[in-house]
Amino acid sequence: MAIIHRTTMSPGKLELLAAWLPSRPWYRGGDAPLLAKAGGFRLDDPEGEVGIEFMVVTDTSGDSPVTYQVPMTYRGVPLASAADALIGTSEHGVLGRRWIYDGTHDVVLVEQLLALLAGLTTAQDQNASNAPDPTVEVRSEGCGVPQGLTGPGTVTDTDDASLVTVGPMTQEGPVSTLTLCRVLRPGLAPEGDGAMGRVLADWSAPDGARQHGPFAHLAASER
């Protein structure tokens, strides 16, 4: 299990995200985001090397508040295959310099999210060590999520989501699309999207009310 250190990061996560978010096609706020942490959860890297966090932030710089999901990975060395997905670097009070990436481009985050969808791992509390997060809901639908998927392949950003292609380790046969919702909306997951499995979780509205809605789903698609 990953250890949560009670220490500092400089610059902080919100500071890094405020500089990075306006460059995203799914961002819909002002030029200078006004961010507040609104929730999230973690997954563990089986190798214990990479931090994995699904962070939720709410931006109040636009006409109305918008809540975003930002999956991030924290690494002790640069990830060459995801150089274009670097959010920034930060000095961690215990671990030293960390390279922080948009996790949709990081194989460790993608494969652990697939493991969560397949029921092979458990979501962890965002702020406590060795503490599962019971508010994260994983649903298996249809034939369920197969094991042995890997990724990311291509990553495509839309105006409200990131679409990540994943496939079997043999790289043969059909691929699947892992959709991560970037703009979070409370409510039930949509029907008719062909999902084999999906993740729903909690976050807090600006007034403190609990919200619950879709974070990610996996659906089959053809090459």
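Now for a quick tour of the structure. Numbers given to residues run from 1 along each chain, matching the order in which its sequence is written. pLDDT decides what is reported in this predicted model: residues at 70 or higher carry local features, side-chain atom pairs at 80 or more are listed and counted, and totals for whole chains, interfaces and linings draw on all residues regardless. For the side-chain quantities, the full set of heavy atoms in the structure was used; hydrogens and water were omitted.

The next thing to look at is the overall build of the protein. The helix count covers DSSP runs of H or I at least four residues long, the strand count covers runs of E at least two residues long, and both are numbered beginning at the N terminus. Along its length, the protein carries two helices and 13 strands. A compact globule built from 223 residues should have a C-alpha radius of gyration of about 17 Å, and the protein, at 17 Å, falls within 12% of that. Principal-axis analysis of the C-alpha atoms places the extent of the protein at approximately 45 × 40 × 35 Å. When charges are counted, Lys and Arg are positive and Asp and Glu negative, with His and the chain ends excluded. By convention, charge coordinates are those of NZ in Lys, CZ in Arg, CG in Asp, or CD in Glu. Both charge centroids of the protein, one from 15 positive and one from 27 negative side chains, sit 3 Å from each other. Restricting the calculation to C-alpha atoms gives the radius of gyration, and the globule rule supplies 2.2 Å times the number of residues raised to the power 0.38.

Moving on to unusual backbone geometry. The omega angle of the peptide bond from Ser-10 to Pro-11 is 0 degrees, so this bond is cis rather than trans. Locating Pro-11 in the fold gives a position in the loop between strand 1 (9–10) and helix 1 (13–20). Geometrically, the link from Gly-151 to Pro-152 is a cis peptide bond, its omega value of 5 degrees lying close to zero. Mapped onto the elements of the fold, Pro-152 is located in the loop between strand 8 (149–150) and strand 9 (155–157). Positioned with a positive phi, Asn-130 is a non-glycine residue whose angle comes to about 55 degrees. Locating Asn-130 in the fold gives a position in the loop between helix 2 (107–117) and strand 7 (137–140). You can call Asn-130 exposed: its relative accessible area is 53%. Exposure categories follow from relative accessible area, calculated using a 1.4 Å probe and restricted to protein chains: below 20% of the type maximum is buried, above 50% is exposed, and the middle band is partly exposed.

As paired strands, strand 11 (residues 175–181) and strand 13 (residues 210–221) are joined by six bridges and run antiparallel to one another. Across the sheet, residue Val-175 finds its bridge partner in strand 13, namely Ser-221. Direction of pairing for strand 12 (residues 195–204) relative to strand 13: antiparallel, over a ladder of nine bridges. Counted as the bridge partner of Ala-195 is Ala-219 from strand 13. Between the antiparallel neighbours strand 12 and strand 13 lie five residues, among them Gly-208 with a positive phi of about 90 degrees. Should DSSP find at least two bridges between two strands, the strands are taken to pair.

Let's shift gears to the nonpolar core. When a protein is soluble and globular, its nonpolar side chains tend to lie buried together. Ranked by size, the top nonpolar core spans 31 residues in total, and within it Phe-41, Leu-113, Leu-178 and Leu-218 carry the most contacts. Elements that contribute at least two residues to this core include exactly strand 2 (35–43), strand 3 (51–59), helix 2, strand 10 (161–168), strand 11, strand 12 and strand 13. Ranked by residues supplied to this core, first place goes to helix 2 with seven residues. If we ignore the near neighbours within four places in the chain, the residues touching Phe-41 are Glu-53, Phe-54, Leu-116, Ala-123, Gln-124, Gln-126, Asp-133, Val-136, Val-199, Ala-201 and Phe-215. As used here, the term nonpolar core means buried Ala, Val, Leu, Ile, Met, Phe, Trp, Tyr and Cys residues forming a set that is joined through side-chain atoms within 4.5 Å. In terms of nonpolar packing, the next biggest core, distinct from the first, is built from 17 residues, Trp-20, Leu-35, Val-57 and Tyr-68 among them. Whether two residues touch is decided by their heavy atoms; if any such pair falls within 4.5 Å, the residues are in contact.

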